[in-house]
Structure formats: structure tokens, C-alpha cells
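What follows is each chain in one-letter form.
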Amino acid sequence: MNYPFYLARRLSLGVDGRKMSPAVIVAIAAIAIAVAVMIASIAIVLGFKKEIRDKVVGFNGHITLFRVPTSEEDDNLIRIDNFLVNLFENSPYITEYNPQASLPAILKTSTDFKGGYLRGLKGASSREYIRKNLEEGEVPEYNSDEDSNKILISRIAANQLKLKSGDKIDTYFISDDVRVRRLEIAGIYNSHFDQYDDIMIFGDMKLVERLGNLPENSGTYIMIYTDNFDKIPEYTLEIQEKINRGVAYGETESFYRTDNVLSQGIGFFSWLRLLDTNVIVIIILMMIVGSVTLVSGMLIIILERKKFIGLMRALGAPASKIRSVFIFMAIRVSFVGLLIGDFLICLFLYCQSRYHFIPLDPDAYYIDFVPVYLPGWIVFALNGGVLLTAYLVLVLPSRFVGKISPAESMMRSE
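Definitions and cut-offs
- Residues numbered from 1 in each chain as written.
- Predicted model: local features only at pLDDT ≥ 70, side-chain atom pairs only at ≥ 80, totals over all residues.
- Heavy atoms only, no water.
- Buried < 20%, exposed > 50% of the residue type's maximum accessible area, 1.4 Å probe, protein only.
- Helix = DSSP H or I, 4+ residues; strand = E, 2+ residues; numbered from the N terminus.
- Pairing = 2+ DSSP bridges.
- Axes fitted to C-alpha atoms, helices over the stretch in contact; angles between N-to-C directions.

1. Examining the pairing of strand S12 (residues 221-226)
Consideration 1: Of all the six residues making up S12, six are buried; the element is thus mostly covered by neighbouring parts of the structure.
Consideration 2: Both faces of S12 are covered, namely the face carrying Tyr-221, Met-223 and Tyr-225 and the face carrying Ile-222, Ile-224 and Thr-226.
Consideration 3: As paired elements, strand S1 (residues 63-68) and S12 share three bridges and run antiparallel to each other. Each bridged residue has a counterpart across the sheet, and for Ile-63 the counterpart in S12 is Ile-224.
Consideration 4: Here strand S3 (residues 94-100) pairs with S12 via six bridges, running antiparallel. By the bridge assignment for S12, Asn-98 is matched with Met-223.

2. Quick look at the sheet that holds S3
Two pairing modes exist for strands in a sheet, parallel and antiparallel, and in both the strands are linked by backbone hydrogen bonds.
Consideration 1: With respect to topology, four strands assemble into an open sheet ordered S3-S12-S1-S13, the strand pairing being antiparallel. Every interior strand has two partners, whereas the edge strands, S3 and strand S13 (255-260), have only one. Within the sheet, the average angular offset between the axes of one strand and its neighbour, ignoring direction, is 25°.
Consideration 2: By the bridge criterion, six bridges tie S1 to S13 in an arrangement that is antiparallel. Residue pairing in the sheet places Arg-67 in a bridge with Tyr-256 of S13.

3. Concerning the environment of Leu-392
Consideration 1: Structurally, Leu-392 is set in helix H14 (residues 376-395).
Consideration 2: What makes Leu-392 exposed here is its relative accessible area of 55%.
Consideration 3: On a C-alpha basis, the gap between Leu-392 and Ile-327 in space is 9.5 Å, while along the polypeptide they are 65 residues apart.

Don't take any of this as a statement about function, it's just geometry.
In C-alpha cells form, the structure reads like this:
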């Protein structure tokens, strides 16, 4: 019979029927706070990574395919031909692909003007991204000629030009010649990515094709989305290898090169990698704080139960079994602290994800609230790690039990 575990379950964390000692309460609180801080730091960093990643992907896609001109007379337009269709359709990890193009444009009011690029809004992923960051108005469907004259501008452009949804503005397009269109502002988006928001205007891809004299179903690059962000380098290499084989076997006469969001947004992703170091430091510090407090609480529990230790020794229980009793009791303390910490921090994170009550400066963090993202497996893995760490650090102080004399511990104090 595993009587150390049985005794650890049955013994009260107090002494002589009293409530928990202050040391036990402090140990439970320390474990709860440490676990809450560790979970919160992981959730916030993962939230930042997800939000920033989604923003960069929203403007660039996962993988970008460019056509390489073979002569000075050749252009860089990329067309969806049979070779590319077969390439994309026979790559099961590609979930969406769309030709894209941008035109230099100038938005001009009676008192001011602003330059930018009109990009065709094409594809479900791009539309969903703009809709997610829309502050005012709506995203046109671009299924009719009436919608073709509607555009989406950023909050930066709207503030600089003093525009709102529903206003109309003269837009000058510069290609082979200068063309003017009277366009309606259907909506105003705000991604808090000033590098993009400052210059990007979104409109109907058909309008871009007409103004840029582009053939249908073509563009200056193809934006590709995949089913797994973590495998983007692998997918990029595989697509490039398929293209190289196609060129070598004469399946296509065009040359293409690939790029991906990891290189296009390298500054953002390098910044996010620095956050991982901060999380590791926080986890280590919280583990140390929780371990020290737990060891202190265990030693106090041992001292408060000297009579129990003496009785067990007198009954013939080996010191290793008695040590196990107190290790299991300390694990109980850890488990209670874990439950309290998990509940409180998960409730807090849920409220933050739903109501965004903790704000951020978007000029510094590219987002106006503290983002959180916490997969369930991380909570279980962290709890398991905390319990394992607690067990390991408690093995050494539990040896203090062997130094307690049965005769001395059972003597009544005067």
C-alpha cells in the first residue's frame, strides 16, 4: 500500500485542527502568482506574435511570386497561365493565390493632396483582413461597375485630407499618362502599421487593370497563401524548385522568383523574436520565486509536525517514506496554487481578449490593445512543468526529516 500518498491526502495543512498556517497560505499565493505571471507573459507574447504576423501577412500574403524579365524589352507582368495553374493546384498546401498590382495615385482635395498606391483588393484573405481593421464604412463587393469607383483609404490619409466615409475625391493616376477619376470613399481602415497605412489605397482590381492597361487575370506579382505559417520557408523553397524544374524541362518560357513574408517583414519578426528571451527570463524568475517559497513552506510544515514524524519513526516507518509524505503534501500546496492561478489568469485573459480593457500606444506597439493568445496545451504543459519542478526542488529539503530524533520529537514540551 502506498501509505505516504494516503497520509498526505488525509493530513490537514493546518496543525491540531487549526486553519492553514501563514507559511502554507504564502506558499499557495506565491505559486498562484508565479503561475499567473508565467501564463500571462506567454499569452501576451503569443498574442503579439499573432497580431503582428497577421498584419504583415495581410499586406504581403505568405509567399510572393514575381516574374523575372529576360530582356530589356520584356515586362515584369505575371500572367496566370497553364503552368502556374498546374503548379498551384498540385500544391495542396496552397489555399489561395491572386495576381496583384498597384498604381501610383494622388488623392487631391480643394486644399490638400496625398500620394500613395492603389492596390487591387482581390481574394478572400485580403478582404477579410481589411474588414477586420475597418473603422468606418464598409468593404465593397466589387461585383458591379458602381462598386468599381469605390476605394478604401487609411485613417492616416483620412485625417490628413479631412475625409470621411461617403466623400468623393479626385484621384490622379500616373502611368503612361495622367488619368483622373472621381472616386468614392467606401470605408476607412486602420491597421496601425504606419509604413503601409501611409501609402496603401485599396480598390477594385478591375479598375487597376483598366488604368494600368493590364490584361485580365494578370499583375505585377502573385500573392500566395498557405495552410501553415510555420512552414513558409519550406513551401517557398518547394515552389521555387518546381519552377526551376519547369524551366529546365521546357514547361514554361518564363522565369520566376519567390519571396516570402518572413523576409519582407524581417524587422517585425526580429523584434518579436526578442520577446521570446523576455518570456524565458520571466519564467525562470517565477520558477525560482515559487520554488523558494514552496521550500520554506515545506520546512515549516515539517517543523510543525515533529510529533507526527516521531510517531511514524517509532512505528518503524523509514525516513524515505516519511519524506514522501511531506513531498506529497507540498505538491498538494502546489496543486492548490496552480488551480487558483489558472482560474484567475484565464478569467483575466478571457476578459482582455473580449473587451480589450488594457490599451496600448499603437505608435509604439502597432496595436491599440494588449493582445492575448493562449492555446490550451500550453496551460497543461506549464502546469506539468511546475509540478515536476516542485517535486525536484522538494527532494533535498525533505531530507531534514531524517535529522529529527523520534525520542526528542515525542517528548512533551514543558
